[in-house]
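This is what each chain is made of:
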Number of protein chains: 2
Amino acid sequence: MRKQITGFSNPTVKYLRSLRDKKHRKRAGQFLVEGLRLLEDAREGGRLPRQIVLAENRDPHPLLERLEADIIAAGGEVIETSPDILTKITGKSNSQSVVGVFDEWDTGLEHIDRGAAQIWLVAQALRDPGNLGTMLRTGDAVGAGGLILIDDCADPFSAEAVRASMGAVFTQGIAQARWEDFVPWLRSGSGQLVAASLRDAVPYRGAPYAAPCFILVGNESQGLPEAYEAECDLRVTMPMRGRADSLNAAVAGAVLAYEVLDSF
Amino acid sequence: MRKQITGFSNPTVKYLRSLRDKKHRKRAGQFLVEGLRLLEDAREGGRLPRQIVLAENRDPHPLLERLEADIIAAGGEVIETSPDILTKITGKSNSQSVVGVFDEWDTGLEHIDRGAAQIWLVAQALRDPGNLGTMLRTGDAVGAGGLILIDDCADPFSAEAVRASMGAVFTQGIAQARWEDFVPWLRSGSGQLVAASLRDAVPYRGAPYAAPCFILVGNESQGLPEAYEAECDLRVTMPMRGRADSLNAAVAGAVLAYEVLDSF
């Protein structure tokens, strides 16, 4: 269905604006994606938005026209509105001329098929959505199966995480679990849990990685709890030549993931 | 000197608030640093703030007391104020109980002593201050000499860059230069310019890196201009097993830097 929205106080505008907020996203089970490029990434990952909102003054684009047609064919909505209202929805002054509304999907561990990839990334209490999105992007690059989010992490469906993922949010597997549920799941099949650590660790170069390899990184400021490190099958250490004893979480995960990739 | 500030409209409060903005920082040549931990990193890097602003309700801390004494001995100012006014200065509701005001320092290329380190990081048009800070942090970890910022990059003295650097902004060398000034400087001495590239590149693993090695990463959305890639002495490629053809800039720099570090 095609619709037009002309008023700032339209309830749809209010609803879409509310999706910028995590609490409202969780309640609604929907999230926003800005820009044609990410919407095309979503399509490649098999996800079609329920609705798209377009600026009236947009430039015509064949991919956008195809997307509009597909959404209408699937029973979704194509909404036209003014650039000002679109800006109000996204909260950004130089906003893209198209925004899609997606249903969140189930991120239970049971959807992770560990045999589908040799590398899986696992993040514990990762708070920064940019780091989260960057890990999804890195996962795509190393051919990982996806990202498993342990304990209280940033929301993978936040605008910042989606953007930083460069679309990998639609193609990488995503699961969310508590540690006490993750460990039994992990141990119910094959899988090596690896973390960068300063305790009882071997050099990360040439360490005996084994697939499927689950690369665990910890919270940005606390690192991993000691009990979580102790659960790991392999603890590796990276050279730290300076004053600091740790890397940015997404960086540590990436350096380790490339090392694991090379070892297989 | 010790001072007390009680009014929100005090000119010092207005001035300090203004330093959150890049334009005002550049005009004033000063920047803000929040939190005792970063202030201690600064001290380790040989930088003392001109002023610190303390919340009246702070917890006592021996490091803070030492810092206060040093600042007063150096002719600086120790200002006490209410938590509300401190929040107004930093713009953050859960702000730290101490903020320091530092003079920016000269970031000319002539301050870079290329022989002092085997690795240097170079970023071109890096727009995200978080990425910039993360590169400084990675530079510290790999024992790099510093970060050279080419063309229009984010401000290394922004609060976000300082925070993401985890204090490395005070210990890593920092230079800012236009490309047309950087290249003659680079070629006036020894140095290998290396970039991750898809064009005419060799695998990044085991590539013939040579010190001092300048690792160049490009802008977050555009990558490196072709002419900049062409100037490189070595172009290397990293495995990209997914849909995307690039990594986050700070991640790419880190994976490459760890490979270079291992090869020396």
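Residues numbered from 1 in each chain as written. Chains lettered and ligands numbered in written order. Predicted model: local features only at pLDDT ≥ 70, side-chain atom pairs only at ≥ 80, totals over all residues. Heavy atoms only, no water.

Per an unreviewed UniProt entry, chain A carries the name RNA methyltransferase and comes from Erythrobacter crassostreae. Listed in UniProt under the heading Sequence similarities (unreviewed entry), the comment for chain A reads: "Belongs to the class IV-like SAM-binding methyltransferase superfamily. RNA methyltransferase TrmH family." (UniProt positions renumbered as here; feature names shortened; annotations may be inferred.)

A. Quick peek at the overall build of chain A. Helices and strands together make up the secondary structure of chain A, namely 10 helices and 12 strands. For a compact globule of 264 residues, the expected C-alpha radius of gyration is about 18 Å, and chain A comes in at 20 Å, within 12% of that figure. In terms of its C-alpha atoms, chain A occupies a principal-axis envelope of roughly 65 × 35 × 30 Å. Across chain A, contacts joining residues at least 24 apart in sequence account for 79% of those joining residues at least 6 apart. Surface exposure of chain A reaches about 11000 Å², of which carbon and sulfur atoms provide 47%. (Helix = DSSP H or I, 4+ residues; strand = E, 2+ residues; numbered from the N terminus. Rg over C-alpha atoms; globule rule 2.2 N^0.38 Å. Contact = heavy atoms within 4.5 Å. Areas by Shrake-Rupley, 256 points an atom, 1.4 Å probe, with all protein chains shown as cover.)

B. Inspection of the sheet that holds strand S3 (residues 51-55) of chain A at higher detail. Residues and elements named next belong to chain A. In space, the five strands of this open sheet follow the order S1-S4-S3-S5-S2, with mixed pairing throughout. This sheet does not close on itself; its edge strands, each paired only once, are strand S1 (2-5) and strand S2 (30-34). Strand after strand, the sheet turns through a mean of 20 degrees between neighbouring axes, direction not considered. With four bridges joining them, S1 and strand S4 (residues 77-81) adopt parallel strand pairing. Considered in S4, the bridge of Gln4 is made with Glu80. The sheet contacts of helix H4 (residues 62-73) involve S1, S3, S4 and strand S5 (98-103), and relative to S3 the element is tilted by about 140 degrees. Its contacts with the sheet put helix H5 (residues 83-90) on S1, S2, S3, S4 and S5, and the angle it makes with S3 is roughly 130 degrees. (Pairing = 2+ DSSP bridges. Axes fitted to C-alpha atoms, helices over the stretch in contact; angles between N-to-C directions.)

C. Structural view of a negative patch on the surface. On the surface, A:Asp128, A:Glu160, B:Asp128 and B:Glu160 cluster together into a negatively charged patch. Topologically, A:Glu160 is positioned in helix H7 (residues 159-164). (Patch = residues over 30% accessible without salt bridge, like charges linked within 9 Å, V, L, I, M, F, W, Y side chains within 5 Å. Salt bridge = Lys/Arg side-chain N within 4 Å of Asp/Glu carboxyl O. Lys, Arg positive; Asp, Glu negative; His and termini not counted. Charge placed at Lys NZ, Arg CZ, Asp CG, Glu CD.)

D. The arrangement of the relation of the copies chain B and chain A in detail. Relative to chain A, chain B is turned by 180 degrees and slid 0.0 Å along the rotation axis, the superposed coordinates differing by an RMSD of 0.0 Å. Such values leave the two copies arranged in the relation of a two-fold axis. Both copies present the same face, since 100% of the interface residues in chain B are matched by interface residues at the equivalent positions in chain A. (Least-squares fit on C-alpha atoms with pLDDT ≥ 70 in both.)

E. Fine view of the domain arrangement of chain A. Residues and elements named next belong to chain A. Annotation of chain A at the domain level lists domain 1 (2-103) and domain 2 (109-263). Look at where the C-alpha atoms of domain 1 and domain 2 centre, and you get two points 31 Å apart. With 13 residues of domain 1 at the interface, the matching set in domain 2 holds 11 residues. In total, domain 1 and domain 2 occlude about 1000 Å² of area from one another, counting both sides; carbon and sulfur atoms represent 62% of this. On the domain 1 side of the contact with domain 2, Arg25, Phe31 and Leu38 bury the most area, a combined 40% of that side's loss. Scanning the region where domain 1 abuts domain 2 turns up two salt bridges. (Domains from an automatic or database assignment. Buried area = accessible area lost by both parts, 1.4 Å probe.)

F. Region of the structure containing the state of the cysteines. With the rule as written, the count across this model stands at zero disulfides over all chains. With no disulfide of its own, A:Cys153 lies 15 Å from the sulfur of A:Cys232, the closest cysteine sulfur. In this structure A:Cys153 comes out as buried when scored by relative accessible area, which is 11%. You can see B:Cys213 has no disulfide; the closest cysteine sulfur is in B:Cys232, sitting 10 Å from it. Assessed through its relative accessible area of 0%, B:Cys213 is described here as buried. (Disulfide = S-S within 2.5 Å. Buried < 20%, exposed > 50% of the residue type's maximum accessible area, 1.4 Å probe, protein only.)

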